[in-house]
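Fold and geometry: a report
In case you want the letters, here they are:
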Amino acid sequence: MTAPALALQDLHHTFFPGTPSEQRALQGVDLTMQERDFVVVIGVNGSGKSTLLNTIAGALPLDRGTVRLGGRDATRWSEWRRAALVGRVFQNPMSGSIPHLTVAENLAVAAKRGRRRGVLIGALGRGRRRDLAERVSDLGLGLEDRLDTPVGALSGGQRQALTLLMATLVRPELLLLDEHTSALDPRSTEQVVQLTDRIVRKEGLTTLMVTHSLQQAVALGDRVVLMHQGRIVQTIGGARKRQLRVEELLDSFERLRSADLVDQSSADMLGRLYI
């Protein structure tokens with residue numbers, strides 16, 4: 001039996017433990033993804049979405065729990081070691097690429113993902129440049145004619161599209177998308193969303209995507225996971241996911257908000273009685 005592409009068990013992470021600012025960002029998260037799964041994570045600010053991706057990528061240590069990638073226990077692996085298996089696109093288009101290097105040079109770096117040496121940025125022969133131009137042309141943004149343009153001169157949408165290509169140039173075992181359209185204008189957002197769906201489907205990539213957009217949560221992926229206060233509180237998949245509407249997700253958020261208000265009301269009442 002093939003091991004899951006990603007298996008998370010009992011993940012815990014606390015910011016500023018033991019201080020007045022203590023925040024329990026993850027409180028026992030369990031999640032399993034099979035190869036080619038496309039899971040979308042939603043939740044309000046502070047629900048633990050980005051912290052979840054950071055612990056998977058190795059950017060944040062866990063207080064408790066295990067992270068397994070393709071059956072391998074990666075819990076204690078460094079971020080660099082995990083990068084050989086994990087592609088990632090960040091919220092900020094300025095992240096994930098090197099602004100003073102050209103489009104072609106950034107792609108050359110991406111082709112060596114997870115290796116410490118041998119980047120050889122200058123080793124871009126004619127055949128290699130032709131291959132890169134063909135890959136870039138698939139973005140549909142005309143960047144195949146701008147291989148020698150510094151990435152810092154590109155628009156936010158162009159740069160984010162290029163970063164998505166860089167993250168998948170060497171096929172990752174897991175692709176992490178951390179609100180990768182939230183800093184873009186509406187037109188660029190639509191372009192990057194369509195490109196994301198096309199690349200993930202065409203390459204059959206196992207993908208975990210965090211978003212604030214309920215429209216994207218409905219349109220993309222095979223499963224939606226709702227996080228709240230560091231926990232997964234709802235999972236929607238299968239036929240229900242295919243029929244999902246934004247209004248249903250809004251109802252879920254409203255139920256959580258109402259429960260929070262009840263909890264706060266109870267706390268206030270107990271405070272008046274006993275303090």
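See the structure shown above.
What you see as residue numbers is a count from 1 along each chain, following the sequence as written. Reporting of local features is limited, given that this is a predicted model, to residues whose pLDDT is at least 70; pairs of side-chain atoms are given and counted only at 80 or more, and all residues count toward the totals for whole chains, interfaces and linings. Excluded from the side-chain calculations are hydrogens and water; all other atoms, namely the structure's heavy atoms, are used.

1. A word on the packing of aromatic side chains
Geometry of an aromatic ring pair is reported as the spacing of the ring centres plus the angle between the planes. Note on aromatic pairs: the rings of Phe, Tyr and Trp (six-membered ring only in Trp) are paired at centre separations within 6.5 Å, and the planes decide the class, stacked below 30 degrees, edge-to-face beyond 60, tilted for the rest. Per the stated rule, a full pass over the model turns up one aromatic pair. Relative to Phe16, the ring of Phe15 lies with its centre 6.5 Å away and its plane at 45 degrees, an arrangement referred to as tilted. Under the relative-accessibility criterion, Phe15 is labelled partly exposed at 24%. Three labels apply to residues, based on accessible area from a 1.4 Å probe with only protein chains included: buried if under 20% of the type maximum, exposed if over 50%, partly exposed otherwise in between.

2. As for the side chain of Thr207
Looking at the secondary structure, you find Thr207 in strand 8 (residues 207–210). The exposure class of Thr207 is buried, given its relative accessible area of 0%. In terms of polar contacts, Thr207 uses its side chain to reach the backbone carbonyl oxygen of Leu205, at 3.2 Å. By the convention used here, residues are in contact when the closest approach between their heavy atoms is within 4.5 Å. In contact with Thr207, other than residues within four places in its own chain, are Met33, Asp37, Phe38, Val39, Leu175, Leu177 and Val200. A run of H or I in DSSP counts as a helix once it spans at least four residues, and a run of E counts as a strand once it spans at least two, with each numbered from the N terminus. Any pair of nitrogen or oxygen atoms within 3.5 Å is treated as a polar contact; in protein, a donor-acceptor pairing is required on top of that, and neighbouring residues in sequence qualify only through side-chain atoms on both sides.

3. Re the sheet that holds strand 9 (residues 223–228)
Across the sheet, which stays open at both edges, the six strands sit in the order 6-7-8-3-9-10 with mixed pairing between neighbours. Two strands in the sheet have a free side with no partner beyond their single neighbour: strand 6 (86–89) and strand 10 (231–237). For this sheet the average axis-to-axis angle between neighbouring strands, irrespective of direction, equals 20 degrees. Relative to strand 6, helix 5 (residues 156–169) is tilted by about 175 degrees, and along the sheet it contacts strand 6 and strand 7 (174–178). For helices, the fitted axis covers only the stretch in contact; all axes are lines through C-alpha atoms, and the angles between them, taken along N-to-C directions, range from 0 to 180 degrees. This element, helix 6 (residues 186–203), spans strand 3 (38–42), strand 7 and strand 8 of the sheet and lies at about 145 degrees to strand 3. Should DSSP find at least two bridges between two strands, the strands are taken to pair.

Read these as spatial facts, not as claims about activity.
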